[in-house]
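Summary of structural features
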Amino acid sequence: QIEPWLYEIRRVVSLREGLGVASFALAWTLEHLFRQRAAHRVYLEVTARNKRARRIYERHGFVLEGTYRDGYSNPTNGQFEDLCVYGLLAPEYEASSVT
């Protein structure tokens with residue numbers, strides 16, 4: 001929680017890819033934040049190369065708001081990567097068919 005109305009999702013991790021675990025966890029988190037915590041805005045950042053995660057976020061209604069060029073320094077190889085910023089507003093969540 002950044003502000004009473006603003007939340008950042010920092011990590012969505014699934015050790016078993018392709019089974020829907022991350023999608024389920026994200027859906028549960030969004031339900032909790034928007035319906036229980038009355039969030040107005042939820043945002044997250046993800047590397048541009050992480051296409052699988054980006055598809056999941058977009059399926060759940062997140063909108064690509066911009067890209068920080070070389071906004072992330074990969075600790076594994078020291079390379080800089082583009083960082084995509086996604087956001088989801090309460091009215092968008094309510095209008096979404098994915099809950």
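This structure is a prediction, so every number in the text was calculated from the model and none was measured.

The next subject is the overall build of the protein chain. The helix and strand tally for the protein chain stands at three helices and four strands. For the protein chain, the succession of helices and strands along the chain, N to C, is β-α-β-α-β-β-α. Its C-alpha atoms give the protein chain a radius of gyration of 14 Å, within 12% of the compact-globule value 13 Å for 99 residues. Along the longest, intermediate and shortest principal axes, the C-alpha atoms of the protein chain span 40 × 30 × 20 Å. Contacts in the protein chain between residues at least 24 apart in sequence constitute 60% of all its contacts with a sequence separation of at least 6. Taken as a whole, the protein chain presents about 6600 Å² of accessible surface, with 50% of it coming from carbon and sulfur. Each charge class in the protein chain was averaged separately, 13 positive and 12 negative side chains, and the resulting centres sit 6 Å apart.

The next subject is the pairing of strand S4 (residues 80–89). Counting buried residues along S4, seven of its ten residues qualify, which places the element largely inside the surrounding structure. In this sheet, S4 lies alongside strand S2 (residues 41–47) in antiparallel orientation, the contact comprising seven bridges. Residue pairing across strands places Glu-45 opposite Val-85, the latter belonging to S4. Pairing analysis gives seven bridges linking strand S3 (residues 63–73) to S4, with the strands arranged antiparallel. Considered in S4, the bridge of Ser-73 is made with Phe-80.

Moving on, we get to the packing of aromatic side chains. Describing an aromatic ring pair means giving the distance of the ring centres and the angle of the ring planes. Summed over all chains, the structure comprises three aromatic pairs. Summarising the aromatic geometry, the rings of Tyr-57 and Phe-62 are spaced 6.1 Å apart at their centres and angled 65° between planes, so their arrangement reads as edge-to-face. Owing to a relative accessible area of 8%, Tyr-57 belongs among the buried residues under this scheme. Look at Phe-62 and you get buried, because its relative accessible area is 4%. Here a set of aromatic residues connected by ring pairs shows up, and it is made of Tyr-57, Phe-62 and Tyr-86.

Core analysis: the biggest nonpolar cluster contains 20 residues, and Leu-30, Phe-34, Val-42, Tyr-57 and Phe-62 have the highest contact counts within it. If one sorts the elements of this core by residue count, helix H1 (residues 21–36) sits on top with five residues.

Attention now moves to the sheet that holds strand S1 (residues 6–8). Either a parallel or an antiparallel arrangement is found when strands of a sheet pair, and the pairing is made through backbone hydrogen bonds. Read from one edge to the other, the open sheet built from four strands follows the order S1-S2-S4-S3, with strand pairing classed as mixed. For this open sheet the edge positions go to S1 and S3, each flanked by a neighbour on one side alone. Taken pair by pair, the neighbouring strands of this sheet meet at an average axis angle of 25°, ignoring direction. Across three bridges, S1 lies against S2 in parallel orientation. Each bridged residue has a counterpart across the sheet, and for Leu-6 the counterpart in S2 is Arg-41. Against the sheet, H1 touches S1, S2 and S4, its axis set at about 150° to S2. Relative to S2, helix H2 (residues 51–59) is tilted by about 160°, and along the sheet it contacts S2, S3 and S4.

Rules and cut-offs
Residues numbered from 1 in each chain as written. Predicted model: local features only at pLDDT ≥ 70, side-chain atom pairs only at ≥ 80, totals over all residues. Heavy atoms only, no water. Helix = DSSP H or I, 4+ residues; strand = E, 2+ residues; numbered from the N terminus. Rg over C-alpha atoms; globule rule 2.2 N^0.38 Å. Contact = heavy atoms within 4.5 Å. Areas by Shrake-Rupley, 256 points an atom, 1.4 Å probe, with all protein chains shown as cover. Lys, Arg positive; Asp, Glu negative; His and termini not counted. Charge placed at Lys NZ, Arg CZ, Asp CG, Glu CD. Buried < 20%, exposed > 50% of the residue type's maximum accessible area, 1.4 Å probe, protein only. Pairing = 2+ DSSP bridges. Phe/Tyr/Trp six-rings, centres within 6.5 Å; stacked < 30°, edge-to-face > 60°. Core = buried A, V, L, I, M, F, W, Y, C linked by side-chain atoms within 4.5 Å. Axes fitted to C-alpha atoms, helices over the stretch in contact; angles between N-to-C directions.

None of this, on its own, says anything about what the molecule does.
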